[in-house]
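Here is what each chain is made of, one letter per residue.
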Amino acid sequence: MNFFLSYIILAEIFAIVALSTNFLVGVIGIFSVSQAAIMGVGAYAYAIAVMAGIPFPLALLLAITLCALLNVATSLPSLRLEGDYFVVTSFGLQIVATAVFMNWSAVTGGTSGIAGIPAPRFSGLSFDEPENFVFLSTFALGLASAGYWLLMRSSYGRTLHAIRLDELAAVAAGRHVLQMKLGISAVSGAYAGLGGALYAIFMSFIDPSSFEIHVSVLILTMLVVGGARTLAGSILGPFIILAVPQMLTLLALPPHLIGPLRSLAFGVILVSFMLWLPKGLAGRKI
Amino acid sequence: MVHMLQVENVTKNFLGLRALDACSFSLDQGEVTCLVGPNGAGKTTVFDCITGFLNPDAGTIMLNGETITGMNRRKIVQKGIGRSFQNLRLFEELSVIDNVIVCLADDSGNDPITAILRPFHSQKILDRKRGEALKILERVGLEHKADHFVTQISFGQQKLLCIARVLATQAKVMLLDEPTSGLSATALKNMVDVIRQLSAAGMTLLVVEHNTKIVRDIADKIVFMHQGRVLASGVPGDVLERRDLADIYFGGGN
């Protein structure tokens, strides 16, 4: 296994999920801490569909559509609940999702997860190996980035910013705020679904721990480090955050310390950026 | 005769406090009506009731003969009533022209499908909207600041931008909440000119204004409010000469 390529691929997958989170947290101002759960649903949906014999493009489409719908449903409370209250709701959704992944054993395989998820093949070319898969993930990130860029520079993107900045003024201008929020939630969900499906393909094994609350927090940390609302920020963040565990392995620490130290490092990074560099490396303040 | 906007016996209570008490007045097309009265008279509540931000407890509001009481805020904007806010509420991280683009009545291109899957069409819509927004900025004299950020323009220009935003909604009736407060002498003259031009172009305006000199300058009609009631309405000469109203306004007595 090529470690460097794996790192690139995972960072690219998480960049797609970071873009998904950016749409919600950065652009429209819905502070969601459950994007890993949506990503998880994408991963499970893809895995289950593919293992049931559904061809790759259809399984991918299914995962994306399901996540888009689910994200719209889970964002609905934010239309009534502001800021902190929605964080609590979203936290609850994350816990529920993890519980479902763990306990709906007949479908999700419970705590042992789903193994042996087949990689797609195109005319003899298999995406089993990182050397091939990297093209797929780079292509997907390219598409996702283009979508983000187009959306942000459109009239729709400007209106989304306006809603975040002053919802009441946007209403006074006659904008259909509800419809616009649901639209961006759907796009955000689709991105998380794409990220989840790619994750399932690449790892070929998924279990509930891959989509727990700490992964949601990790994704938010990526966004804070990279910087909210910019394309560069969402791509930079995952590449930096995923490099941290690799860096720690260079320190020749006893293996039992690596886990706790990694969590500590993420925590310190998150707090430091919030305090001293709230705009992140290439973005704006959340 | 059908008035452009007619407010009839509108009453609004807030937990036992009667903010509006059977308010009635009307606006006619092309006229500037100044809403005057001491703080707490209910001027902003009138704005909120007309624009659907609040639902009156009783009474009716009619636009061109059509009842709009209880209609949702967005619908009322689409019907042609636009408002500005006392505390501006501009989109501060957006450029001047984007503030206008976001408020345009034209809602096309405001969906993710067009934005992502039809990029060329989306760009065409944006270009068209930019052109439209520039024309609106010209009407208030801000076209040279189009690409500045809101925080980079003067307070007077920010207040003009508020008017441009309301114009963008294609309002036929404009409710302006204290458009001249806090302005320098030059900015004030500028604002008065803009209000006059709008009125000359057929716009119906309801303006909350405290400065009696400006009221004399711009008003075709005055509606004087106190403690939620309309105490007087009529041409400026008549209303402003009334001793009892002046006493209320300047705190001389009751």
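Residues numbered from 1 in each chain as written. Chains lettered and ligands numbered in written order. Predicted model: local features only at pLDDT ≥ 70, side-chain atom pairs only at ≥ 80, totals over all residues.

Concerning the overall build of chain A
The test is simple: For the purposes of this entry, the term helix denotes a DSSP run of H or I that reaches at least four residues, the term strand denotes a run of E that reaches at least two, and both are numbered from the N terminus. Put simply, the radius of gyration uses C-alpha atoms, and a globule should come to 2.2 Å times the residue count raised to 0.38. Exposure criterion: with C-beta atoms placed from backbone coordinates, a residue whose C-beta has 20 or more other C-beta atoms within 10 Å is buried, one with 12 or fewer is exposed, and one in between is partly exposed.
For chain A, the count of helices and strands is 12 helices and 4 strands. Its C-alpha atoms give chain A a radius of gyration of 18 Å, within 12% of the compact-globule value 19 Å for 286 residues. Summarising its shape, the C-alpha atoms of chain A cover approximately 55 × 45 × 35 Å along the three principal directions. Across the 286 residues of chain A, 50% fall into the buried class.

Description of the overall build of chain B
We apply this condition: The contact criterion used here is simple: two residues whose C-beta atoms, placed from the backbone, lie within 7 Å are in contact.
Scanning chain B from N- to C-terminus turns up 10 helices and 10 strands. Computed over the C-alpha atoms, the radius of gyration of chain B is 19 Å, within 12% of the 18 Å expected from 2.2 N^0.38 for a compact globule of 254 residues. The contacts in chain B between residues at least 6 apart in sequence include a share of 66% that link residues at least 24 apart.

Structural notes on the confidence of the model for chain B
The condition that has to hold: The predictor attaches a confidence to each residue, called pLDDT, with possible values from 0 through 100.
In the predicted model, chain B carries a mean pLDDT of 93, and 99% of its residues have values of at least 70. Here the predicted complex carries an ipTM of 0.92, next to a pTM of 0.92.

Brief notes about the interface of chain A and chain B
Counting from both sides, the interface comprises 25 residues of chain A and, opposite them, 29 residues of chain B. Going through the elements one at a time, α6 (130-153), α7 (155-165), α8 (167-172) and α9 (177-203) of chain A are the ones with two or more residues in the side of chain A that touches chain B. A per-element tally of the side of chain A that touches chain B places α7(A) first, with 8 residues.

What to know about the environment of Val140(B)
Residue and element names in this part refer to chain B. Position of Val 140 relative to the elements: it lies in the loop between α5 (119-139) and α6 (155-168). Along the chain, Val 140 and Arg 216 lie 76 residues apart, while their C-alpha atoms are 22 Å from each other. Excluding anything up to four places from it in sequence, Val 140 contacts Leu 160, Ile 163, Ala 164 and Val 194.

Side note on the pairing of strand β1 (residues 5-14) of chain B
Residue and element names in this part refer to chain B. What counts here: For two strands to be treated as a pair, DSSP must find at least two bridges joining them.
Where β1 meets strand β2 (residues 17-27), 7 bridges bridge the pair, whose relative direction is antiparallel. Along β2, the bridge assignment pairs Val 7 with Phe 25. Between β1 and β2, which pair antiparallel in sequence order, lie 2 residues; one of them, Leu 15, sits at a positive phi of approximately 45°. As paired elements, β1 and strand β4 (residues 58-63) share 5 bridges and run antiparallel to each other. The partner of Leu 5 across the bridge, within β4, is Leu 63.

Observations regarding the environment of Ser181(B)
Residue position: Ser181(B) is located in the loop between β7 (173-177) and α7 (185-200). Once the C-alpha coordinates of Ser181(B) and Glu209(B) are considered, the two residues, 28 residues apart in sequence, prove to be 8.0 Å apart.

Some remarks on the sheet that holds β1(B)
Residues and elements named next belong to chain B. We apply this condition: All axes here are fitted lines through C-alpha atoms, helices being fitted over the stretch that makes contact, and every angle between N-to-C directions spans 0 to 180 degrees.
Strand order across the open sheet formed by 4 strands is β2-β1-β4-β5, with antiparallel pairing between neighbours. At either margin of the open sheet sits one strand with a lone partner, and together these are β2 and β5 (66-67). With respect to the sheet, helix α1 (residues 43-50) is in contact with β1, β2 and β4, its orientation differing from that of β2 by roughly 70°.

Some words on α6(B)
Residue and element names in this part refer to chain B. Heads up, the rule is: Multiplying one less than the number of residues by 1.5 Å gives the expected span of a helix.
When the terminal C-alpha atoms of α6 are compared, their 20 Å separation across 14 residues agrees well with the 20 Å that a helix rising 1.5 Å per residue should span. With respect to burial, α6 is a largely interior element, 11 of its 14 residues being buried. Among all positions in α6, only Gln 157, Lys 159, Leu 160, Leu 161, Cys 162, Ile 163, Ala 164, Arg 165, Val 166, Leu 167 and Ala 168 are buried. Along its buried surface, α6 packs onto β6 (81-83), α3 (96-101), α5, β7 and α7. Just beyond α6, the residue with positive phi is Gln 170, at close to 60°.

Examining the nonpolar core
Convention followed: When buried Ala, Val, Leu, Ile, Met, Phe, Trp, Tyr and Cys residues are joined through C-beta atoms within 7 Å, the set is termed a nonpolar core. What marks off one domain from the next here is an automatic or database domain assignment.
Counting residues in each nonpolar core, the largest one holds 162 residues, and the members touching the most others are Ile16(A), Ala43(A), Tyr46(A), Cys67(A), Ile219(A), Val100(B) and Ala164(B). Broken down by element, this core gets its largest block of residues, 15 residues, from α9(A). Counting the residues that make up this core, at least three belong to each of domain 1 (1-80 + 171-254) and domain 2 (90-170) of chain B. Beyond its immediate stretch of four places on either side in the chain, Val100(B) contacts Ala133(B), Ile136(B), Leu137(B), Ala164(B), Arg165(B) and Ala168(B).

So, the packing of helix α10 (residues 213-226) of chain A against helix α12 (residues 255-276) of chain A
Residue and element names in this part refer to chain A. Let me state the cut-off plainly: Throughout this description, any angle smaller than 35 degrees is read as roughly parallel, any larger than 145 degrees as roughly antiparallel, any in the 65 to 115 degree range as roughly perpendicular, and the remainder as oblique. Each crossing gets its hand from how the near helix is turned against the far one by less than a right angle, where anticlockwise is left-handed and clockwise is right-handed. Note on residue classes: Ala, Val, Leu, Ile, Met, Phe, Trp, Tyr, Cys and Pro are nonpolar, Asp, Glu, Lys and Arg are charged, and everything else, Gly too, is polar.
Contact geometry of α10 with α12 gives a least axis separation of 10 Å together with a crossing angle of 40°. Classified by the angle their axes make, α10 and α12 are oblique. Crossing hand, α10 versus α12: left-handed. Between α10 and α12, the contacting residues are Leu 218, Thr 221, Val 224 and Val 225 on the first element and Phe 266, Ile 269, Leu 270, Phe 273 and Met 274 on the second. Of the residues contributing to the contact of α10 with α12, the split by class is 8 nonpolar, 1 polar and no charged.

Considerations on the sheet that holds β7(B)
Sheet strands pair via backbone hydrogen bonds, and the direction of the pair is either parallel or antiparallel. All names here are of chain B. Across the sheet, 6 strands lie side by side as β6-β7-β8-β3-β9-β10; this open sheet has mixed pairing. With one partner strand each, in any of the chains shown, β6 and β10 (229-234) form the two edges of the open sheet. Averaged over all pairs of adjacent strands, the angle between their axes in this sheet comes to 15°, without regard to strand direction. Pairing of β7 with strand β8 (residues 204-208) involves 5 bridges; the strand directions are parallel. Its bridge partner lying in β8, Leu 176 is registered against Val 207. In the packing of α1 onto the sheet, the strands contacted are β3 (32-36), β6, β7, β8 and β9 (221-226), and the crossing angle to β7 comes to about 145°. Across the sheet, α7 lies against β3, β7 and β8, angled at about 150° from β8, the strand it touches most.

A short note on helix α2 (residues 35-51) of chain A
Residues and elements named next belong to chain A. Relative to the 24 Å expected for 17 residues at 1.5 Å per residue, α2 spans 24 Å between its end C-alpha atoms, a close match to the ideal helical length. Within α2, 15 of the 17 residues are buried, which leaves it mostly tucked inside the rest of the structure. Two residues or fewer after α2 comes Gly 53, characterised by a positive phi angle close to 95°.

A few points about the domain arrangement of chain B
Residue and element names in this part refer to chain B. Domain annotation for chain B reports domain 1 (1-80 + 171-254) and domain 2 (90-170). Between the C-alpha centres of domain 1 and domain 2 there is a distance of 27 Å. Contact residues are listed per partner, giving 13 residues for domain 1 and 11 residues for domain 2. Among the secondary structure elements, those contributing two or more residues to the side of domain 1 that touches domain 2 are β7 and α7.

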